[in-house]
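Given next are the chains, with one letter for each unit.
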Amino acid sequence: MAVVVYLETENGNFKKSALEVSSYGRKLADETKTNLFGIAFNSADPFKIQKYGVEKLINIKTDHVFDAKIYADLLCKNFKDLSGKIFITGSSADSRFIFPIVSISLNASYTTNVIEFPSSISPLVLKRSAFTNKGFVFTELKTNHKIIGILNNSFGIFESVRKLEVIDYVAEGLVSNVQVKSIKEDEEKISIADAEIVVSGGRGLKGPENWNLVEDLAKTLGAATACSKPVSDMGWRPHSEHVGQTGKPVASNLYIAIGVSGAIQHLAGINASKCKVVINNDPEAPFFKAADYGVVGDAFEVVPKLIDGLKKFKSK
Ligand SMILES: Cc1cc2nc3c(=O)[nH]c(=O)nc-3n(C[C@H](O)[C@H](O)[C@H](O)COP(=O)(O)OP(=O)(O)OC[C@H]3O[C@@H](n4cnc5c(N)ncnc54)[C@H](O)[C@@H]3O)c2cc1C
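Everything numeric in this text was worked out from a predicted model, so none of it was measured. (Residues numbered from 1 in each chain as written. Predicted model: local features only at pLDDT ≥ 70, side-chain atom pairs only at ≥ 80, totals over all residues. Heavy atoms only, no water.)

A.B. asks: Teacher, can you tell me more about the site of the ligand here?
C.D. replies: The ligand sits among 26 residues. The nearest are Arg203, Ser228, Thr246, Ser261 and Gln265. With respect to the ligand, the side chain of serine 228 contributes an N or O atom lying 2.6 Å from an oxygen atom. Side-chain polar atom of asparagine 280 to an oxygen atom of the ligand: 2.8 Å apart, as the coordinates give it. Compared with its free state, where it exposes 990 Å², the ligand has 75% of that area covered by protein. Mapped onto the shell around the ligand, the elements with two or more residues apiece are helix H5 (229–233), helix H6 (264–270) and helix H8 (299–315). In terms of residue class, the shell around the ligand is made up of six nonpolar, 15 polar and five charged. (Near = heavy atom within 4 Å. Polar contact = N/O pair within 3.5 Å; in protein donor to acceptor, adjacent residues only side chain to side chain. Areas by Shrake-Rupley, 256 points an atom, 1.4 Å probe, with all protein chains shown as cover. Helix = DSSP H or I, 4+ residues; strand = E, 2+ residues; numbered from the N terminus. Nonpolar A, V, L, I, M, F, W, Y, C, P; charged D, E, K, R; others polar.)

Shown next as structure tokens:
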């Protein structure tokens, strides 16, 4: 009975979250003295996952555009063929769409937002983030088959090379009830979900013409860019950058907020970030209470100095 990881890909490449899911799976397989197997869709370079401990990979080849039911059915079939017992996935929007279906098909208990390695393996007890990352819940999974959904950037990536067997599985003859009419590419340069560092701007930046501050800082740090809800509502930035309770969740290692007040709905989506830095000219801004580091100052003075300092530091 193996540990099986779902390894998400984007344009044929494993996502960063897939490496984290593998690392988690490897440790769990070692602790439970079993094998670690993986399932991916359309990996262009499947042997890349070997470094992270996977011993056998089913690479499902399909030209179907994303359809949660079809993906779920294919994952269930291959999970059963691999004699899986524990299924591990990440926390992307697609995965949260697929795995409730997988959970019903396998009659498996499923918990999301897991932030640590199990505190107990038998019974399987998992620590998960709850209350929009303001508290924790310890959950026991009781069924025979179990599904763990881990929160991005919560466990880390660890190398542990194994001999890897790759098996191609060609998914043919599938009929989808979903038809994609058109596809519009996301304009994000670095995806917010995968980013180690996110630089975010709020209404304090006064207008879209000042976004060079956010973009320059992000470029210097190799970060993704994000924004508060009103900023995207006003069309200053694309909706794909809106983070918070009603936007994308952020669980980066570093989150820098510039001219963002720190309203509860904004903080709800970024609380899982490890280190939060705020730049705001109002010392009473609520963000200062949630931040690890704060700069009270005018963004138009502070950010150029920060970029300059970082460039000098990097050039040394
Ligand atoms: C149901 C619901 C859901 C919501 N969901 C979300 C969500 O998902 N995400 C989200 O972000 N919001 C959400 N909101 C909106 C939220 O309540 C706030 O209104 C919003 O986050 C405020 O955006 P802001 O911080 O950019 O703007 P503001 O509140 O206007 O804050 C601007 C900040 O910039 C500072 N500032 C001004 N000038 C400067 C300067 N020169 N230098 C430095 N700082 C400066 C100000 O001191 C202020 O703190 C939601 C609201 C509701 C009711």
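We are not done yet, so read on.
A.B. asks: Where do I start with helix H1 (residues 16–31) in this structure?
C.D. replies: Residues three or four positions apart in an α-helix share a direction because the helix packs 3.6 residues into each turn. Relative to the 22 Å expected for 16 residues at 1.5 Å per residue, H1 spans 23 Å between its end C-alpha atoms, a close match to the ideal helical length. Most of H1 is tucked away: twelve of the 16 residues are buried. Buried residues of H1: Ser17, Ala18, Leu19, Glu20, Val21, Ser22, Ser23, Tyr24, Gly25, Arg26, Leu28 and Ala29, and no others. (Expected span 1.5 Å × (residues − 1). Buried < 20%, exposed > 50% of the residue type's maximum accessible area, 1.4 Å probe, protein only.)

A.B. asks: Even after reading the chapter, I still don't get unusual backbone geometry, so can you show me in this structure?
C.D. replies: With the exception of glycine, the majority of residues adopt a negative phi angle, and the majority of peptide bonds are in the trans configuration. Residues serine 122 and proline 123 are joined by a peptide bond in cis, for which omega reads 5 degrees. Inspection of the secondary structure assignment puts proline 123 in the loop between strand E7 (109–114) and strand E8 (124–130). Here asparagine 42, not a glycine, exhibits a phi torsion of approximately 55 degrees, which is positive. Here asparagine 42 lies in the loop between strand E4 (36–41) and strand E5 (56–61). Under the relative-accessibility criterion, asparagine 42 is labelled partly exposed at 30%. Phi at asparagine 113 takes a positive value of approximately 60 degrees, unusual for a residue other than glycine.

A.B. asks: Looking at this structure, I do not really get the sheet that holds strand E15 (residues 275–280). What am I missing?
C.D. replies: Backbone hydrogen bonds are what pair the strands of a sheet, in a parallel or an antiparallel way. The strand order across the open sheet built from five strands is E13-E12-E14-E15-E16, with neighbouring strands paired in parallel fashion. What marks the edges here is a single partner per strand, and that holds for strand E13 (224–227) and strand E16 (293–296). Strand-to-strand twist across the sheet, computed as the mean angle between neighbouring axes with direction ignored, equals 15 degrees. One ladder, built from four bridges, connects E15 with E16; its direction is parallel. In the sheet register, valine 278 faces E16, and the bridge partner there is glycine 294. The sheet strands contacting helix H4 (residues 212–221) are strand E12 (197–201), E13 and strand E14 (254–258), and the helix crosses E12 at an angle near 175 degrees. Contacting E14, E15 and E16, H8 crosses the sheet at an angle of about 130 degrees to E15. (Pairing = 2+ DSSP bridges. Axes fitted to C-alpha atoms, helices over the stretch in contact; angles between N-to-C directions. Contact = heavy atoms within 4.5 Å.)

A.B. asks: Is there a simple way to think about the packing of aromatic side chains in this case?
C.D. replies: For any pair of aromatic rings, geometry is given as the distance between the ring centres together with the angle between the planes. Inspection of the entire model under this criterion finds 13 aromatic pairs. Between phenylalanine 66 and phenylalanine 97, the ring centres sit 6.0 Å apart and the planes meet at 50 degrees, which makes this aromatic pair tilted. Note that phenylalanine 66 is positioned in the loop between E5 and helix H2 (68–81) and phenylalanine 97 in helix H3 (residues 93–106), a separation of 31 residues in sequence. Residue class for phenylalanine 66 comes out partly exposed when judged on its relative accessible area of 26%. Every member of this aromatic cluster is reached through a ring pair, and the members are Tyr6, Phe41, Phe66, Tyr71, Phe79, Phe87, Phe97, Phe99 and Tyr110. (Phe/Tyr/Trp six-rings, centres within 6.5 Å; stacked < 30°, edge-to-face > 60°.)

A.B. asks: What is the right way to read the side chain of serine 91 from this model?
C.D. replies: Relative to the elements of secondary structure, serine 91 occurs in the loop between strand E6 (84–89) and H3. Separated by 3.3 Å, the side chain of serine 91 and the backbone oxygen of isoleucine 150 make a polar contact. Within the local environment of serine 91, its side chain forms a polar contact with the backbone nitrogen of asparagine 152, the two atoms lying 3.2 Å apart. Leaving out residues up to four positions away in the same chain, serine 91 has contacts with Arg96, Ile150, Leu151 and Asn152.

A.B. asks: It is not clear to me how the nonpolar core should be interpreted in this structure. Could you clarify?
C.D. replies: As a rule of thumb, nonpolar side chains are buried together in soluble globular proteins. Counting residues in each nonpolar core, the largest one holds 27 residues, and the members touching the most others are Leu7, Phe14, Tyr24, Ile49, Ile88 and Ile148. Those elements that provide at least two residues to this core are strand E1 (2–7), H1, E4, E6, E8 and strand E10 (146–150). Ranked by the residues each element gives to this core, the list is headed by H1, at six residues. When neighbours within four sequence positions are excluded, leucine 7 is seen to be in contact with Phe14, Ala18, Ser22, Gly38, Ile39, Ala40, Phe41, Ile49, Val54 and Leu57. Residues Val4, Ile60, Phe79 and Ile147 belong to the second largest nonpolar core, which totals 25 residues. (Core = buried A, V, L, I, M, F, W, Y, C linked by side-chain atoms within 4.5 Å.)

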